[in-house]
Amino acid sequence: MEAVVKTEHGKGFMTIQEVDTPVPASNEVLIRIKAAGICGSDIHFYDGSLTHCIPPVILGHEFSGEIVQVGDDVTRFSVKDRVVSEPHKGGCGLCRFCHTGQTEVCPEKRAIGYKIDGAFAPFITMPEASLHRIPDHLSFEHAALAEPLAVVVKGVLERVRVNPEDFVVVLGCGPVGLLAANAAKAEGARCVVITGTDSDEETRLKAAREMEIDHVINVQQDNLKEMVLSLTNGVGADLVVEACGVEAAINQAFDIIRIDGRIAAIGHTGRESLSMPWETALHKAAHVTWSFSSSWSSWVKAVSMLSGNKIEADKIISHTYPLNDWESAFSALQRLEAIKVLLIP
């Protein structure tokens, strides 16, 4: 089969290669991939700015598909089942995180798409324990959003929570930011604000307006702090979701939350350290919660939200490309001409 392979570290070094079709272990299934999403991390592996993948490796960790073969020990899934999968083949099984159901943060987690082969291919093997069924009415394309949505659910809805009538600001309008704004509204927030810049106007901020997010703000054209204070009678936001990883936005999060307000940190900076307004955070008694990856429960909720049409998937999935045209897909994302792009093997 043909797959998109990162062959070595550095800028580029990605190509379509002929590789063997994987064979499932006794506890695994073989999945025919129907749709695979390109994540920001895949872009950064491609441009060389992220180096924690282990090449040569097939990239891709967001996908949906249909089971075509099951291992001898698989009991809960069958051929023709429609599934999505958590992006790992388990952890060590022995550490405190594995024992407490937090496999996603096990230091020995076998993560697909950068530590072991991933989803930019026609087939992938995954263990039964990582799978979640999807209903027949949920398209494979929409189901491919389950992974980034599960990240949002864990970071925003589980670890921080959106309370009824919260005033929520989402910093960043990429796929994760749009999903976070959508999820916050679905959870009962009274008002949701999302931000972007001039470079986001044509595609991402346009999509945010089409999704009818309450206030769509270009921070290069409008004063975000003044607007938030005006809309909250000078109090500030109950919850800020930091979904862009930009230092200026991270600092502004502390400026616009209310006293005793909450910040959900889910954006990757790509840096080891950065400055933050410590005194502002202290005097506001800010609650800051970081989150990484996705939990089993967040996957259950993500599939439910997608199945129940609580997520405007069509507004977030902007392009699909055949697998062998992956370069065009990556280029569209790098030029900010796309939001979520799916590769179709």
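Keep in mind the model is a prediction, meaning the values are calculated, not measured.

Scoring rules and cut-offs
Residues numbered from 1 in each chain as written. Predicted model: local features only at pLDDT ≥ 70, side-chain atom pairs only at ≥ 80, totals over all residues. Heavy atoms only, no water. Patch = residues over 30% accessible without salt bridge, like charges linked within 9 Å, V, L, I, M, F, W, Y side chains within 5 Å. Areas by Shrake-Rupley, 256 points an atom, 1.4 Å probe, with all protein chains shown as cover. Salt bridge = Lys/Arg side-chain N within 4 Å of Asp/Glu carboxyl O. Helix = DSSP H or I, 4+ residues; strand = E, 2+ residues; numbered from the N terminus. Axes fitted to C-alpha atoms, helices over the stretch in contact; angles between N-to-C directions. Parallel < 35°, antiparallel > 145°, perpendicular 65-115°, else oblique. Left-handed = near helix turned anticlockwise from the far one by under 90°. Contact = heavy atoms within 4.5 Å. Nonpolar A, V, L, I, M, F, W, Y, C, P; charged D, E, K, R; others polar. Phe/Tyr/Trp six-rings, centres within 6.5 Å; stacked < 30°, edge-to-face > 60°. Buried < 20%, exposed > 50% of the residue type's maximum accessible area, 1.4 Å probe, protein only. Lys NZ or Arg CZ within 6 Å of the ring centre and 35° of its normal. Pairing = 2+ DSSP bridges. Arc of directions from axis to C-beta.

1. Some points on a nonpolar patch on the surface
On the surface, Met276, Trp278 and Leu282 cluster together to form a nonpolar patch covering roughly 360 Å² of accessible area. Along the chain, Trp278 turns up in helix 9 (residues 278-283).

2. A word on the packing of helix 4 (residues 146-158) against helix 5 (residues 175-186)
Remark: helix 4 packs on helix 5, axes separated minimally by 9 Å, with the N-to-C direction vectors making an angle of 55°. With respect to their mutual orientation, helix 4 and helix 5 come out oblique. Both helix 4 and helix 5 take part in a crossing whose hand is right-handed. Seen from helix 4, the contacting residues are Pro148, Leu149, Val152 and Leu157; seen from helix 5, they are Val176, Leu179, Ala180 and Ala183. Its residues assigned to classes, the contact of helix 4 with helix 5 shows eight nonpolar, no polar and no charged.

3. A short note on the packing of aromatic side chains
Going through the model one piece at a time under the given rule, you end up with five aromatic pairs. Measuring from ring centre to ring centre gives 5.3 Å for Tyr46 and Phe330, while their planes differ by 80°; the resulting arrangement is edge-to-face. Within this pair, whereas Tyr46 is found in helix 1 (residues 40-47), its partner Phe330 is found in helix 12 (residues 326-334), the two being separated by 284 residues in sequence. Look at Phe120 and Phe330: their rings are 6.4 Å apart centre to centre, the planes differ by 85°, and that puts the pair in the edge-to-face class. Separated by 210 residues along the polypeptide, Phe120 in the loop between helix 2 (96-99) and strand 7 (123-127) and Phe330 in helix 12 bring together distant segments of the chain. Taken individually, Phe120 and Phe330 each receive the classification buried, so the pair is uniform in this respect. For the cation-ring pair, Arg133 lies above Phe77, with the distance from its terminal atom to the ring centre recorded as 4.3 Å.

4. Regarding the side chain of Thr125
Following the sequence through the fold, Thr125 ends up in strand 7. Using a relative accessible area of 6% as the deciding quantity, one classes Thr125 as buried. Contact partners of Thr125, with chain neighbours within four places excluded, come to Pro22, Val23, Pro24, Glu28, Val29, Leu30 and Lys89.

5. Considerations on the sheet that holds strand 11 (residues 215-218)
Pairing is parallel across the open sheet formed by six strands, whose spatial order is 11-10-9-12-13-14. Each end of this open sheet is capped by a strand with a single partner; those strands are strand 11 and strand 14 (287-290). Ignoring which end each strand starts from, the neighbouring axes of this sheet average 15° apart. Taken together, the five bridges between strand 12 (residues 237-242) and strand 13 (residues 257-265) define a ladder with parallel strand orientation. Within the sheet, the bridge partner assigned to Glu242 lies in strand 13 and is Ala265. This element, helix 6 (residues 201-210), spans strand 10 (191-196) and strand 11 of the sheet and lies at about 160° to strand 11.

6. As for helix 12
Three or more residues of helix 12 are buried, namely Trp326, Ala329, Phe330, Ala332 and Leu333. Seen end-on, helix 12 carries its buried residues on one side only, within an arc spanning 160°. Buried-residue contacts for helix 12 involve strand 1 (2-6), strand 2 (14-18), helix 1, helix 6, strand 15 (317-322) and strand 16 (340-344). The positive-phi residue at the C-terminal boundary of helix 12 is Leu336, with phi of around 60°.

7. Some points on unusual backbone geometry
Cis geometry marks the peptide bond from Pro55 to Pro56; its omega dihedral reads -5°. Considering the arrangement of structural elements, one finds Pro56 in the loop between helix 1 and strand 4 (57-58). In this structure, Glu212 takes a positive phi of about 60° despite not being glycine. The residue Glu212 is located in the loop between helix 6 and strand 11 in this model. Look at Glu212 and you get exposed, because its relative accessible area is 66%. The backbone of Ala285 shows a phi angle near 50°, a positive value even though the residue is not glycine.

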